[in-house]
Amino acid sequence: MPFAASIDYAAIAPPLLAVGTALGVLVLDLFVPADRRGVALPVSLAGVVAAMVATGALAAGDDRSTFCTAAGGCSYAVDRFSLLFSGLFLLATAVVLLLSEPTVRAQRLPAGEYHFLLLVSLTGMITLAGSRDLLLLVLSLEVVTVPVFVLAGFRRADPRSSEAALKFFLISVLATAVLIFGASLVYGVTGSLQLDQVAAALARPRLRQPVTSAGIALVIVGFAFKVSAVPFHAWAPDTYQGAPLPVAAFLSVASKAAGFAGLLIVLLVGFRGYADVWGPMLAVIAALTMTVGNLVALRQRYVIRLLAWSSVAQAGYMLVPLGVAASAYGRARVLDDAAAATLGYVVFYAAMTLGAFACVVWVAGDRPRNAVADYRGLARRSPLVALALAFFLACLAGLPPGLAGLFAKVVVFSAAVRGEVVWLGVVMAVNTVVALFYYLRLAALLFAPEDRGSAGVPAVEPPDGPASRPVAVAIAVAVVVTVVLSLDPELVLHITPLAGRG
Amino acid sequence: MILVALLLLPLAGCAGLLAAPDRWARRIGVAATATTFGLSLALLAAYDYHRGGFQLGVDRAWVPAADIRFHLGLDGISLPLVVLTTLLSFLCAVYTLKTLPEPGRPRAFLALVLLLEVGMLGTFLALDLLLFFVFFEVVLAPMYFLIALWGGERRSYAATKFILFTLLGSVLLLLGILVIYAHTATFDMVRLGRRGGADLPRAAQDLAFLGLFLGFAVKTPMWPLHSWLPDAHTEAPTVGSVLLAGVLLKMGTYGLVRIAVTELPAAARDFAPYLGVLAVVGIIYGALCCLVQRDIKRLIAYSSVGHMGFVLLGIATLTPVGVNAALLANVAHGVVTGLLFFLVGALKDRYHSQDIAEIGGGVLAKAPLLGGLLTFAAIASLGLPGLAGFWGEMLAMLGAFRPAQGLHRGLFLTLMVLAGVGTVLTAVYLLVLLRRVTLGVVPERWRERRFGDVTSVELAAWAPLLALTLVLGLYPRLVLGVTDAAVRRLLGGG
């Protein structure tokens, strides 16, 4: 399949900038004296901002596509969908970079390599959002994941960190294998990897065979690992707990969002015609995911594990709209609305979860154990952080003043109801109530009076040094984004979903 | 747009407070609440009383993906409550000019009061179910902090109890709203009211009503979901108590009328007998609890349970007379109980105690004006004809005498009689309270202590309430004239 046209470099400017910065930081690290390694952060941030500017410039123009074949399809697209996701990934990475500063400094991690790995992963995410080709999709997904193995195991002295990295590695390799197997089945049936052409081929009734369905199901299972949907979620809590906190944030926000971007692309561009196959499958996965996630989250005593299980549960809510696809079969409008609901939820989720993680990183500055009990009386120690965390928890719970979370949930609920999958709506409503309990218990603890003495830990002053300033900036960024999304959710809720041919 | 301005003014005041230095805080607070109150008076003039229906509306798409709209509007049911809210907020700001409990910090205190005002006004103005829910919830956080930071000794316990109970109610409320939405695919309260539940199967109506009913019952509060109220009232600072009793409780009964009864009329008929019975249990229970209270704020809190019982009884009759009575009793309770909490707060500032035995009588001798006002407010609260408390309760019982068609008349007659017994008990405990607090000789321990009578700032903050108590008692048409058309439209539609 020779490329018919030359490469549109403007379209791939954001990933190019990201990967360029990654290499630049890595090389820079070699030449800068050890006492001035702090320069890595501004350089990386500058690169991310430049990529954001490029994304913004693309957003101002028309849709583009590149790597097109003579047959007519294109492997890489720049449209509202990919730009929204690129923006999300860039912003999330910027916040994670800020959050990493104290960790890198305190644990003497090699800053250049750390930033390099994060930025490479970012590059993979941006190309993933633009991929309209199974091969490019799988490759991007690997570029996203491989650096994170290393990042998860970055605290070499800590056996938990190695465990986290190993678990994550094994599960990811398995997931990739399943994904590639599924993709190869689809390729075998349709004769194409290019998703537009896959869709066109699948439209032929002759191909309605068990092997096609199996291929599609395997691809979905591959992505289900990435987004840690039940029953493919078991790696998430251990990995989150063992990995450095900012890496856990990166995994639960950016990496999960990338998984959803890929899932939406294959389902809506490639497999649209088979909604009756994957719709019910995703409905069941969604129901399982939120129920298991919430029930287990109820029993957690460490905040990071609580957030891990909450992120499992939230993935369930995000899958709900896709579960309506079967009944929406043939009604393109309903399916597109459902996809827009998922997409919107992913963005809302990213903003509020990143904010919650940022607050956790702040608290970890003086209470590294991160037990739920350590959050008692946070409002006395750092009132603003406590307020911010309470706000993010309210968002995750879906109660005002966390409007972003409320709207996200209502939009998802409404998609389920309009798609006439009412049972899923009911499961979701019940789950929302269950989830309130653990979010609000933590939120209430923030404002409870500190019980002196019993903790046995002498009160430590909050880390007001320069090391925590980037974290404060990160929290502020997350608060601003979440508040803006709360007041004007339309910003992300009506992004034109992927156009497919099926 | 005037309604948006009504919400933006306190919000702007809130932002201004955060930006300004502490010493300007009180003046900004008064200015913001005064202009909001002024604007609500302008509403009184702008509202077309002959036309009825929702007026001065604003209707903008907010989240089209789920058909959530920024829809505000005003009718005869919400208008009196809006004015009551702005008035009480203004008086609270005035009161704060001189009096602020520990730990001070007027900036934060007033910012919370203004945020509270935004939530309360929004609740009464919202015509979109989800927007209503949002405003209904906005109120929780500021009230929580008012209790938790400026409250009495057991403030932490009281604040937590308050937030847990009301959040539980909110969840049920949200579930009820979602059931309605699942069947109608709209949050538009005007459209839902017009359809009158025609789109919902009977079982779904009952389910939705149950959620809404329990949600609002916690807020009102209705027996047996009331137990957060005495704690919250006892520990809250004066201003918090005034707004809690004066406005927050009304959000529950308002929601019941505006949403539950209007949008699900068939289910309302199913549930009306239960509502009536629980209301009357609340009346009797509240009165009996009052008889044994030693804490004066707690006593008034329990009396609120009783008074709200009359409001609920009025709603349960589902007749124009009963619902009008409920709305009137709502406003009257806001005025009278607001005043009572102000007065008790003033007592506490002087005696540093809210324990009846500790104060020990003789207030009339020690501070004649304060004692006199307390007597006046207590008598208004017990429902003396000619004062505000009388008409609402009287008419609620009249409504129960002839309940709506389809309701069991014998049951409601029994309820009416029991409510009548409740009024007698109410008179008993309030008179006992007066005897033990205002009358009698000044106890030895207070003889030497000198404290002033009512100050001019206090009087300024209370005077409008005193006047309203009298005016509403002598001329209840002031409220009934506004509500009646809206109520008839509401019940006629069902």
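Predicted, not measured: the structure shown is a model, and the values here were computed from it.

## Section: the overall build of chain B
- The number of helices and strands found in chain B is 22 helices and two strands.
- Relative to a compact globule of 494 residues, whose C-alpha radius of gyration would be 23 Å, chain B shows 21 Å and is just as compact.
- For chain B, the C-alpha atoms occupy an extent of roughly 70 × 55 × 40 Å along the three principal directions.
- Pairs at least 24 apart in sequence give 78% of the contacts found in chain B among residues at least 6 apart.

## Focus: the overall build of chain A
- Per the secondary structure count, chain A includes 19 helices and two strands.
- A compact globule built from 502 residues should have a C-alpha radius of gyration of about 23 Å, and chain A, at 22 Å, falls within 12% of that.
- Its C-alpha atoms give chain A principal-axis dimensions of roughly 75 × 55 × 40 Å.
- Scored against the burial criterion, the 502 residues of chain A give a buried share of 61%.
- Here the contacts in chain A between residues at least 6 apart in sequence split such that 79% fall between residues at least 24 apart.

## Quick word on the packing of helix 2 (residues 40-60) of chain A against helix 4 (residues 111-130) of chain A
All names here are of chain A.
- Orientation of helix 2 relative to helix 4, taken along the N-to-C sense of each, is 15 degrees, at an axis distance of 10 Å. In terms of their interaxial angle, helix 2 and helix 4 are classed as roughly parallel. The handedness of the crossing between helix 2 and helix 4 is right-handed. Of the residues in helix 4, those touching helix 2 at A40, S44 and G47 are A111, G112, H115 and L119.

## Quick word on the packing of helix 7 (residues 155-184) of chain B against helix 10 (residues 228-235) of chain B
All names here are of chain B.
- Across the interface, helix 7 lies against helix 10 with an axial gap of 9 Å and an inter-helix angle of 140 degrees. By the angle between their axes, helix 7 is oblique relative to helix 10. Along this stretch, helix 7 crosses helix 10, giving a crossing that reads as left-handed. On helix 10, the residues that touch R155, Y157, A158, K161, F162 and F165 of helix 7 are W228, D231, A232, T234 and E235.
- The residue makeup of the contact of helix 7 with helix 10, split by class, is six nonpolar, one polar and four charged.

## Some points on the interface of chain B and chain A
- Contacts between chain B and chain A engage 20 residues on the former and 27 residues on the latter.
- Broken down by element, the residue count for the side of chain B that touches chain A peaks at eight residues, all from helix 7 of chain B.

## Observations concerning the confidence of the model for chain A
- Residues with a pLDDT of 70 or more make up 92% of chain A, whose mean pLDDT is 86.
- Low confidence marks residues 453-466 of chain A, where pLDDT is under 50. Its contacts with residues over four positions away, or in another chain, come to seven contacts.

## Description of the pairing of strand 2 (residues 68-74) of chain B
Residue and element names in this part refer to chain B.
- Counting buried positions along strand 2 yields five of seven residues, so the element is predominantly enclosed.
- By the bridge criterion, six bridges tie strand 1 (residues 55-63) to strand 2 in an arrangement that is antiparallel. What sits directly across from D59, in strand 2, is H71.
- Remark: four residues form the turn of the hairpin made by strand 1 and strand 2, two consecutive strands paired antiparallel; D67 in that turn has positive phi of roughly 55 degrees.

## Describing helix 9 (residues 202-219) of chain B
Residues and elements named next belong to chain B.
- A rise of 1.5 Å per residue sets the reference length of helix 9, with its 18 residues, at 26 Å; its end C-alpha atoms lie 26 Å apart and thus fit the reference within 8%.
- Within helix 9, burial applies to Q205, A208, F209, G211, L212, F213, G215, F216, A217, V218 and K219.
- Where helix 9 is buried, its residues contact helix 7, helix 11 (238-263) and helix 12 (265-291).

## A closer look at the environment of L136 of chain A
Residue and element names in this part refer to chain A.
- As for its position among the elements, L136 is in helix 5 (residues 134-152).
- Assessed through the 19 C-beta atoms surrounding it within 10 Å, L136 is described here as partly exposed.
- Remark: the alpha-carbon pair of L136 and S75, spanning 61 residues in sequence, is separated by 7.4 Å.

## Let's talk about the environment of A199 of chain A
Residue and element names in this part refer to chain A.
- Structurally, A199 can be placed in helix 7 (residues 195-202).
- Looking at A199, the number of C-beta atoms within 10 Å reads 22, which means it is buried.
- A sequence separation of 74 residues divides A199 from G273, and the C-alpha atoms of the two residues are 7.1 Å apart.

## Here's the deal with helix 10 of chain B
All names here are of chain B.
- Extensive coverage of helix 10 is indicated by the burial of eight of its eight residues.
- Taken together, the buried positions of helix 10 are occupied by W228, L229, P230, D231, A232, H233, T234 and E235.
- Tucked inside the fold, the buried residues of helix 10 contact helix 6 (140-150), helix 7, helix 11 and helix 13 (296-316).

## Topic: the environment of V479 of chain A
- Residue placement: V479 of chain A occurs in helix 18 (residues 469-487).
- Between the C-alpha atom of V479 of chain A and that of L90 of chain A, which follows or precedes it by 389 residues, the distance is 17 Å.

## As for unusual backbone geometry
- Residue P231 of chain A follows V230 of chain A across a cis peptide bond; omega there is 5 degrees.
- Along the chain, P400 of chain A connects to P401 of chain A via a cis peptide bond; the corresponding omega equals 10 degrees.
- Here P401 of chain A lies in the loop between helix 15 (383-397) and helix 16 (403-418).
- One non-glycine residue, L56 of chain B, adopts positive backbone phi at about 55 degrees.
- Considering the arrangement of structural elements, one finds L56 of chain B in strand 1.

Thresholds, definitions, all that
Each chain has its residues counted from 1, following the order in which its sequence is written. Numbering of ligands from 1 and lettering of chains from A proceed in the order in which they are written. Only residues with pLDDT of at least 70 get local features here, since the model is predicted, and only at 80 or more are side-chain atom pairs given and counted; chain-wide, interface and lining totals rely on the full set of residues. Elements are defined by DSSP. Helices are runs of H or I of four residues or more, strands are runs of E of two residues or more, and each kind is numbered from the N terminus. Throughout, radius of gyration means the C-alpha value; the globule benchmark is 2.2 Å times the number of residues raised to the power 0.38. Residue pairs are scored as contacts if the distance between their C-beta atoms, which are placed from the backbone, is within 7 Å. The burial criterion counts other C-beta atoms lying within 10 Å of a residue's C-beta, which is placed from the backbone; the residue is buried at 20 or more, exposed at 12 or fewer, and partly exposed between these limits. Convention adopted: a line fitted to C-alpha atoms gives each axis, helices being fitted over their contacting stretch, and angles between N-to-C directions are expressed from 0 to 180 degrees. Roughly parallel refers to an angle under 35 degrees, roughly antiparallel to one over 145, roughly perpendicular to one between 65 and 115, and oblique to any angle outside these ranges. Here a crossing is taken to be left-handed if its near helix is turned anticlockwise relative to the far helix by less than a right angle, and right-handed if that turn runs clockwise. Throughout this entry, Asp, Glu, Lys and Arg are counted as charged residues, while Ala, Val, Leu, Ile, Met, Phe, Trp, Tyr, Cys and Pro are counted as nonpolar. The remaining residues, Gly among them, count as polar. Confidence of the predictor at the level of single residues is captured by pLDDT, which takes values from 0 to 100. The pairing criterion is simple: DSSP has to find at least two bridges between the two strands. One less than the residue count of a helix, multiplied by 1.5 Å, gives the span that helix is expected to have.

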